[in-house]
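# Geometric and topological summary
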Amino acid sequence: MKKLCSQIFSGAAALILFSAAATQAADATHDFVPGEIWRDADGKPINAHGGGVLFHDGVYYWYGELKEGQTFLPKVNKKWGGTRVISGGVSCYSSTNLCNWKKEGVALASNPKDPDDDLACENVIERPKVIFNARTKKFVMWFHQDSPDYAAARAGVAVSDSPAGPFKYLGSFRPNKKVWPLNVTPADKKPGEKNILARDFAGGQMARDMTLFVDDDGKAYQFYASENNATMHVSQLTDDYLRPAGKFARIFIGRSSEAPAIFKRNGKYYAVASGCSGWDPNTARSAVATNIFGPWTELGNPCHGADAEKTFFAQSNYVLPVAGRPDEFIAMFDRWNKWDLRDSRYVWLPLKFDAEDKPAIAWQERWALPEKKLAQSK
Ligand code: DGJ
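Fair warning: this is a prediction, and the values are worked out from it, not measured in the lab.

### Brief notes about the overall build of the protein chain
From N to C terminus, the protein chain includes 3 helices and 23 strands. The C-alpha atoms of the protein chain give a radius of gyration of 21 Å, which matches the 21 Å a tight globule of 378 residues would have. Looking at the protein chain residue by residue over its 378 residues, the buried ones come to 38%. For the protein chain, restricting intrachain contacts to residue pairs at least 6 apart in sequence, the fraction spanning at least 24 positions comes to 51%.

Okay, structure coming up:
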């Protein structure tokens with residue numbers, strides 16, 4: 001028996017050693033392991049949630065929400081389970097291979113001293129995205145700025161001369177004040193408690209979950225969940241990317257879409273988004289358009305395989321075109337841990353196109369971008 005035990009033990013030890021070696025070897029070849037803790041170059045878990053990636057001068061910059069401290073459920077959010085952490089601001093990491101990330105630091109810091117400041121650590125700083133303006137040579141960050149109960153629903157803007165920051169905060173606002181959307185109807189303009197578009201015409205439209213997209217012609221757009229999250233808006237930005245240009249459209253009307261991620265392929269615009277269920281996962285959706293202002297045609301759930309109905313227990317945040325590889329995209333998702341938000345994980349998966357040209361994302365335990373492709377992306 002003793003001998004058998006020791007054989008089993010040494011067999012198990014060998015297996016553990018073998019798999020540890022396999023993990024290390026695999027990591028050295030730049031594997032993505034969706035849902036596992038992802039460590040930066042210092043060995044610390046990457047803390048960049050709900051974010052996005054900018055490719056600039058051969059380097060990828062990953063921006064995200066810096067979630068710190070204990071998770072709590074504020075009384076005001078009890079009804080819908082809106083747990084919170086203190087906002088640390090926006091963190092930034094850099095990489096040349098998309099797998100190994102170095103912490104650059106806090107690109108936009110929250111303010112722990114003044115609870116009345118937009119950037120107060122009690123407030124919401126979510127879904128930051130950064131784009132580069134080739135004309136002004138500035139890096140421009142937009143994010144969802146909100147009060148602790150998510151009632152303010154505003155867009156925050158910050159600017160920097162360098163990608164890692166520090167970004168200078170310019171302020172927050174509700175977009176498209178006193179502007180009707182391109183596709184407004186007479187009914188949309190009728191005042192009424194349920195007509196949120198008309199209600200917010202004078203003061204600006206609600207803006208929660210958001211993303212930015214820069215088109216081939218350099219024009220940039222903000223997509224934001226508006227009208228109490230029922231309808232999304234696509235809103236063109238001014239040439240300096242700092243304000244809404246005053247041209248926007250309502251899309252996915254009444255569909256309660258959140259977590260938008262926009263990308264372009266073969267001249268068509270694609271969207272991946274989620275439904276609206278707080279931190280809890282729901283079924284993802286995708287859509288295509290030939291004009292960014294719509295009409296957008298929904299293409300259904302882009303996720304496939306086990307747990308696809310729950311988006312692999314995650315929620316979209318960005319679709320990253322791999323630089324220099326026109327048909328290579330990575331779909332980035334957050335797997336929220338609503339009772340320990342800072343331990344929320346990342347699910348990055350290849351986004352392909354099926355025979356009908358619909359985005360298709362399949363679960364993979366572990367995968368890699370071939371070295372050849374990485375080299376070409378630099
Ligand atoms: C869902 C959104 O997509 C997240 O960014 C965050 O705002 C949570 N809701 C808060 O519950």
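That covers the picture; the talk isn't over yet.
### Topic: the site of the ligand
Around the ligand, the neighbouring residues are Gly50, Gly82, Glu126, Arg127, Asp209, Glu258, Ala259, Gly278, Trp279 and Gln315. Those elements that provide at least two residues to the shell around the ligand are β6 (124-133) and β14 (258-265).

### What about the environment of lysine 178?
Within the fold, lysine 178 resides in the loop between β9 (168-173) and α2 (196-199). Overall, the presence of 9 C-beta atoms within 10 Å leaves lysine 178 in the exposed class. Sequence separation between lysine 178 and alanine 198 is 20 residues, and the spatial gap between their C-alpha atoms is 9.6 Å. Excluding residues within four positions of it along the chain, lysine 178 makes contact with Phe201 and Ala202.

### Focus on the sheet that holds strand β5 (residues 102-109)
As summarised here, the arrangement of the 4 strands in space is β2-β3-β4-β5, forming an open sheet in which the pairing is antiparallel. Whereas interior strands pair on both sides, the edge strands pair on one side only; in this sheet they are β2 (49-56) and β5. Strand-to-strand twist of the sheet, defined as the mean angle between neighbouring strand axes without regard to direction, takes the value 30°. Note that strand β3 (residues 59-72) and strand β4 (residues 84-95) share 9 bridges and pair antiparallel.

### Some words on the nonpolar core
What tends to happen in soluble globular proteins is that the nonpolar side chains get buried as a cluster. Counting residues in each nonpolar core, the largest one holds 80 residues, and the members touching the most others are Tyr61, Val90, Met141, Val319 and Ala331. When sequence neighbours within four positions are dropped, the list of residues in contact with alanine 331 reads Val272, Ser316, Val319, Leu349, Leu351 and Ile361.

### Section: the environment of aspartate 357
Within the fold, aspartate 357 resides in the loop between β21 (345-353) and β22 (359-362). With 69 residues separating them in the primary sequence, aspartate 357 and valine 288 have C-alpha atoms 9.9 Å apart.

About the cut-offs
- Residues numbered from 1 in each chain as written.
- Predicted model: local features only at pLDDT ≥ 70, side-chain atom pairs only at ≥ 80, totals over all residues.
- Helix = DSSP H or I, 4+ residues; strand = E, 2+ residues; numbered from the N terminus.
- Rg over C-alpha atoms; globule rule 2.2 N^0.38 Å.
- Buried ≥ 20, exposed ≤ 12 C-beta atoms within 10 Å, placed from the backbone.
- Contact = placed C-beta atoms within 7 Å.
- Near = placed C-beta within 6 Å.
- Pairing = 2+ DSSP bridges.
- Axes fitted to C-alpha atoms, helices over the stretch in contact; angles between N-to-C directions.
- Core = buried A, V, L, I, M, F, W, Y, C linked by C-beta atoms within 7 Å.

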